[in-house]
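Topology and contacts: notes
The residues making up each chain are set out below.
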Amino acid sequence: MPLDRWQRLPLEQGERPMIAEFFQLLADWGPIDTWIAATAALAAAACTLPGNFLLLKRQSMMGDALSHTVLLGLVVAFLANHWMYQAGWYSEQSYHTWRQAAMFAGAMVVGVLSALLTQLIERLGKVDAGAALGVVFTTLFALGLLLMRVAADQVHVDPDCVLYGTVETVVMDIYGDTGVPRAALVNGGVLLFNLLLVSVFFKELKISTFDPGLATALGIPAWLIHYAVLGVTAMTLVAAFDSVGSILVIAMLIVPPATASLLTDRLGRMIAISLCVAVVSAVLGHVLAITAPAMLFGRLGFSTVRDASTAGMMAVAAGGLFFLAALLAPRHGVLSRLVVRWQLALKITREDLLGLLYRLEEHAVATDRQARRLSGQRAAGIGPLWSRLAIFNLRHTGMLETDEHGYTLTPAGRQAARSLVRSHRLWESYMAKHFQVPEDHLHATASRVEHYIDSKVRDGLAQELEQPAVDPHGRDIPDEEIEK
């Protein structure tokens, strides 16, 4: 692919729709873009796997800390390897061969050391776990930055590359004659290694994550698995440094698992969904990096802004996917929970209206009086909007009908109302028998509980109370017989 995307002339704005411009910007997509997206996807997926277990153990901040503290192990291993090469301990070929392995080892050591130091400070210093983590995180990260800055003049260490990642350029480093970027091979190898570990030790990881005590009782060393996960996380972060950097790697470590946790409650599905989210975030991030800046800033008058960092846009894309999941997830989404609450509110309002009409019929209240009571809902304390919705629903389901006089219960509606009133009065009788509740407080409690009592609970209450005929207020308790 020609690399003149970043130098081409600004596109004319306002002469075509954004969709047409979007596809025009993507028209130059070539092999390098494919390798950029693939490398970023491999790095994101590799980080996501251990991130699932950190999230479930509520140690997400430990992952954040590791993404910074392993910088110390990375720099120390790099400098030590460079020093041994300059001292003539091994050849240039061996130097390049062992450099990546030394960085992995250094990162794993510092990762485990970070967890040990955090627990040590927490126990000996008797401070909060978050405070102990903050001390270790900031200290080790500062030491890593200091060493990197001190050595930057003697060794080719680019702080910006380590911190922010340069996935756009690392794909230029081709491994041998394979035509495959070295970063893709490294991140792909780490991803396969992590997948192998999760597949082989899935049962042990699952038990030790959700119940460390049970794992220990079953002979599974939960503490060893904990530190192994931290070590693997540190190793994975090192592999992803070149692609997404130490700062943005936390987005790929935590955001995809957090998104998946909103969509499912099963561990296996959560891992699979998080991997999909990570891959989509990487690909979408690169697409946005080469299209969104030109489309948005061009219309704002900044025609020189043509692209953005792929790593940064990966984090934006992952955050956008998390926002959509938080909003639309079937069980845990904001809108889903609002719908459930509205359904429950409508159900309660419907049943309150049924109960009100049944009690009015019990007292032989005139039909026009029923209409007035349902119109204002003063007795039931129901708002006009919910009462209108409930009345419409009751009429639609055949439980309520209207005529020139007002509202009347149908046989189906009367039976539902009988069951509700029976639940209410049985619960009042149960409270009066077993609890020292004033008689004038029984109704308010029963008005809430009646909506959650089904036929089995009613039968149990009736047997416990020896089939009472009246409630504590002297009102008849309807039976369960279905009216014909």
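1. Some points on the confidence of the model for the protein chain
Detailed conclusions should not be drawn from predicted coordinates in areas where pLDDT is low. Per-residue confidence for the protein chain gives a mean pLDDT of 80; residues scoring 70 or more make up 82%. At the level of individual helices and strands, the protein chain shows its lowest average pLDDT in helix α15 (residues 367-376), which scores 47, and its highest in helix α9 (residues 202-210), which scores 92. Predicted confidence is poor over residues 1-15, with pLDDT under 50, and the contacts of this stretch with residues over four places away or in other chains come to 28 contacts. Low confidence marks residues 375-380, where pLDDT is under 50. Its contacts with residues over four positions away, or in another chain, come to nine contacts.

2. Focus: helix α19 (residues 455-464)
Those residues of α19 that sit buried are Arg458, Leu461 and Ala462. On an axial view of α19, the arc spanned by its buried residues comes to 100 degrees, and they lie on one face. Across α19 from its buried face, at more than 90 degrees, point the exposed residues Lys456 and Gln463. Lining the buried residues of α19 we find α17 (411-434). Where α19 ends, the next residue or the one after it, Glu466, has phi of about 60 degrees, a positive value.

3. Examining the packing of helix α8 (residues 182-200) against α9
Axes are the key here: two packed helices are described by the angle between their axes and the distance separating the axes. It is at 4 Å that the axes of α8 and α9 come closest, and there the two elements cross at 75 degrees. Between α8 and α9, the crossing angle belongs to the class labelled roughly perpendicular. Mapping the contact onto sequence places Leu197, Val198, Ser199 and Val200 in α8 and Phe202, Glu204 and Leu205 in α9. Classifying every residue of the contact of α8 with α9 gives five nonpolar, one polar and one charged.

4. Digging into the packing of α17 against helix α18 (residues 442-449)
Axis separation between α17 and α18 bottoms out at 9 Å; the angle between their running directions is 130 degrees. Classified by the interaxial angle, the pair formed by α17 and α18 is oblique. Crossing handedness for the pair α17 and α18: right-handed. Contact residues: His424, Trp427, Glu428, Met431 and Ala432 in α17; Leu442, His443, Thr445, Ala446, Ser447 and Val449 in α18. Tallied by class, residues from the contact of α17 with α18 come to six nonpolar, four polar and one charged.

5. Quick word on the pattern of salt bridges
Two side chains of opposite charge can pair, provided their charged atoms sit close to one another. The tally for this structure, following the rule as stated, stands at eight salt bridges. A salt bridge links Glu361 to Arg414, with the nearest nitrogen and oxygen atoms 3.1 Å apart. Taken as a pair, Glu361 in helix α14 (residues 334-362) and Arg414 in helix α17 lie far apart in primary sequence, 53 residues in all. Since its relative accessible area comes to 29%, Glu361 is described here as partly exposed. Assessed through its relative accessible area of 19%, Arg414 is described here as buried. Of the charged contacts, one joins Lys433 and Glu464 as a salt bridge, the two residues approaching to 3.9 Å between their closest N and O atoms. Of this pair, Lys433 sits in helix α17 while Glu464 sits in helix α19, placing them 31 residues apart in sequence.

Parameters and conventions
Residues numbered from 1 in each chain as written. Predicted model: local features only at pLDDT ≥ 70, side-chain atom pairs only at ≥ 80, totals over all residues. Heavy atoms only, no water. pLDDT = per-residue confidence, 0-100. Helix = DSSP H or I, 4+ residues; strand = E, 2+ residues; numbered from the N terminus. Contact = heavy atoms within 4.5 Å. Buried < 20%, exposed > 50% of the residue type's maximum accessible area, 1.4 Å probe, protein only. Arc of directions from axis to C-beta. Axes fitted to C-alpha atoms, helices over the stretch in contact; angles between N-to-C directions. Parallel < 35°, antiparallel > 145°, perpendicular 65-115°, else oblique. Nonpolar A, V, L, I, M, F, W, Y, C, P; charged D, E, K, R; others polar. Left-handed = near helix turned anticlockwise from the far one by under 90°. Salt bridge = Lys/Arg side-chain N within 4 Å of Asp/Glu carboxyl O.

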